[in-house]
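These are the residues of each chain, in order.
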Number of protein chains: 2
Amino acid sequence: MGRQIKRLCVMGKCEQCIVRQFSALRALDKDELMRMSNCKTSHSVKKGEALFEEGDHINGVFCIKSGICKLTKLSPNGKNQIVKFIKRGDLLGQRSLISDEAVNLSAVAIDEMEVCFIPKEEVMRFFKENSKFNAEIIKDICHDLKLADDAIVEMAQKSVKQRLAGALLEFEEEFGVDKEQYLKVSLSREEISNVVGTATESLIRMLSDFSKKGMLETNGKKIKIANRTELERVAEGF
Amino acid sequence: MGRQIKRLCVMGKCEQCIVRQFSALRALDKDELMRMSNCKTSHSVKKGEALFEEGDHINGVFCIKSGICKLTKLSPNGKNQIVKFIKRGDLLGQRSLISDEAVNLSAVAIDEMEVCFIPKEEVMRFFKENSKFNAEIIKDICHDLKLADDAIVEMAQKSVKQRLAGALLEFEEEFGVDKEQYLKVSLSREEISNVVGTATESLIRMLSDFSKKGMLETNGKKIKIANRTELERVAEGF
DNA sequence: AAAAAAATATGATATTTGTCACCTAAGTAG
DNA sequence: CTACTTAGGTGACAAATATCATATTTTTTT
């Protein structure tokens, strides 16, 4: 855990990469994409490895081709809070690049990941010269800010039980389910507790309580939502 | 509570207004300031009045000349969470303008306020044509996002007691104290509980507990920090 | 000034959540 | 395979926080 990535991979062409359609990179034209192809590097990241850590100065952004990572922040009391998940199609690192500050969160893979790294100079050039790209990036950041405000309210006003129910529903919505309906994201109990902001033991109890009440089915680490309606009611506070 | 503002005031010239130095507006040149002077409107806002409410579409930004307002969000369970305070020199509404969405928070005066309203068209024109202004606005938004991430962690990982101690210290730092060392912001117990995210009764108990232990002195609504070192220790979790 | 309304305060009690100790199952390195 | 390590799980209990009822004080309205 915590090792920085090094592994380099075969490079594909950005022009042909579908993943860019999911992010602000969709605003780039052919010339810009070709320029990007030439300066980007591709990496594979193993589960548990960090793309960057709180306090790092990164000099570029990551474009996620596959896999999922968690953005975490260490609280003064030593616990790790998961603030957000980043997945295929997302960009990572824009905020720090634009405001020219150290990153305030660590990014750790919870999956095997494939990512491309686009150097700062190139990104900032697009940012300054391509007003459509500029607007898309800013919209993303504004959206993140809105989500963060929502999260503050959620944390401050909802019980752990409500937050857990909400988190499970979000996992389903954001990452989907496999053929057997199990959530695709595979998180340890500790990681889930770091999303919800509670003690691991409390979380485990609540999970088995939800199972007892027929809202979930678990199979080892795997979790399946068995009664969405009821889980939604719990998330709303009933 | 909740009435929209109407009162118009005498207009000053933006060129001569010191307050603009505190925000992104400092990036505007003389011509731009004169143009702004001609299209802005000045308003006075009474305590308890809303500048806008969650869900509104605002078509401009506010520049705060004096006074303080709270940004609040109604949680599904009917409680009001205070997410942030806005004070003299701050701009308000940029995010919604730029991302062209409804505002996600309500802004309610906790003080008598004087504000100027600058219409959307003008702001967006500066935003598009003045790259320094553009950069300043974006930096502000990025900074807000960073603060919001911090707040999520704080809410999720700290106890109510820690959060209260932290909030009081922030009140002192952000708004200062009067000649007798009392905090300048005057919030009701309910408002403080809406900052910290707890029940009003619990908050009152904690305040008097802090007083009993010599960390605070209270006089009606007024609060004075009597032992900062100790309060800081509590905020850190000791 | 009196009455009404709102804010502050306190007690009793229930509920939620955390902590510690410990145990079992599962995965991993030698 | 076996020892070791880590994650998952449970019980007992303590601490934190919410809730409800009810004073008391302050503010506002009449």
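Residues numbered from 1 in each chain as written. Chains lettered and ligands numbered in written order. Predicted model: local features only at pLDDT ≥ 70, side-chain atom pairs only at ≥ 80, totals over all residues. Heavy atoms only, no water.

Turning our attention to the UniProt feature "domain: HTH crp-type" (unreviewed entry) in chain A. UniProt feature "domain: HTH crp-type" (unreviewed entry): in the numbering of this structure it lies at residues 158-229 of chain A. Here residues 158-229 of chain A runs as 54% helix and 11% strand, with 18 Å between its end C-alpha atoms. (UniProt positions renumbered as here; feature names shortened; annotations may be inferred. Helix = DSSP H or I, 4+ residues; strand = E, 2+ residues; numbered from the N terminus.)

Below, the discussion takes up the relation of the copies chain B and chain A. Relative to chain A, chain B is turned by 180° and slid 0.0 Å along the rotation axis, the superposed coordinates differing by an RMSD of 0.0 Å. Expressed as an axis order, the relation between the two copies is that of a two-fold axis. When the interface residues of chain B are mapped onto chain A, 100% of them are again interface residues, pointing to one common binding face. (Least-squares fit on C-alpha atoms with pLDDT ≥ 70 in both. Contact = heavy atoms within 4.5 Å.)

On to the protein's contact with DNA strand C, then. Taken together, 17 residues sit near DNA strand C, with Val160(A), Thr198(A), Arg205(A), Arg189(B) and Arg205(B) positioned nearest. The sugar-phosphate portion of DNA strand C accounts for 55% of its atoms within 4 Å of the protein, the bases making up the rest. Val160(A) has a polar backbone atom sitting 2.8 Å from a phosphate oxygen of DNA strand C. Of all the secondary-structure elements, those providing two or more residues to the surface near DNA strand C are helix 7 (200-212) of chain A together with helix 6 (189-196) and helix 7 (200-212) of chain B. Of the residues in the surface near DNA strand C, the class split is four nonpolar, five polar and eight charged. (Near = heavy atom within 4 Å. Polar contact = N/O pair within 3.5 Å; in protein donor to acceptor, adjacent residues only side chain to side chain. Nonpolar A, V, L, I, M, F, W, Y, C, P; charged D, E, K, R; others polar.)

All right, on to the protein's contact with DNA strand D then. As a matter of local geometry, DNA strand D sits amid 18 residues, with Arg189(A), Arg205(A), Val160(B), Thr198(B) and Arg205(B) nearest to it. Counting only the atoms of DNA strand D within 4 Å of the protein, the fraction contributed by sugar and phosphate is 53%. In this structure, a phosphate oxygen belonging to DNA strand D sits 3.2 Å away from a main-chain N or O atom of Ala199(B). Mapped by element, the contributors of at least two residues to the surface near DNA strand D are helix 6 (189-196) and helix 7 of chain A together with helix 5 (160-175) and helix 7 of chain B.

A common measure of how large an interface is: the accessible area buried when the components associate. Residue and element names in this part refer to chain A. Taken domain by domain, chain A holds domain 1 (7-150) and domain 2 (158-236). Spacing between the C-alpha centres of domain 1 and domain 2 amounts to 27 Å. Taken together, the contact between domain 1 and domain 2 spans eight residues of the former and nine residues of the latter. Buried surface at the junction of domain 1 and domain 2, both sides included, amounts to about 920 Å², of which 59% is carbon and sulfur. Of all residues in domain 1, the largest losses of buried area upon contact with domain 2 belong to Ile82, Phe85 and Lys87, amounting jointly to 48% of the total for that side. Scanning the region where domain 1 abuts domain 2 turns up two salt bridges. (Domains from an automatic or database assignment. Buried area = accessible area lost by both parts, 1.4 Å probe. Salt bridge = Lys/Arg side-chain N within 4 Å of Asp/Glu carboxyl O.)

Turning our eyes to something else, we now look at the UniProt feature "domain: Cyclic nucleotide-binding" (unreviewed entry) in chain A. UniProt's feature table lists "domain: Cyclic nucleotide-binding" (unreviewed entry) at residues 24-144 of chain A, given in the numbering used throughout. End C-alpha atoms of residues 24-144 of chain A are separated by 14 Å, and the span's content is 33% helix alongside 36% strand.

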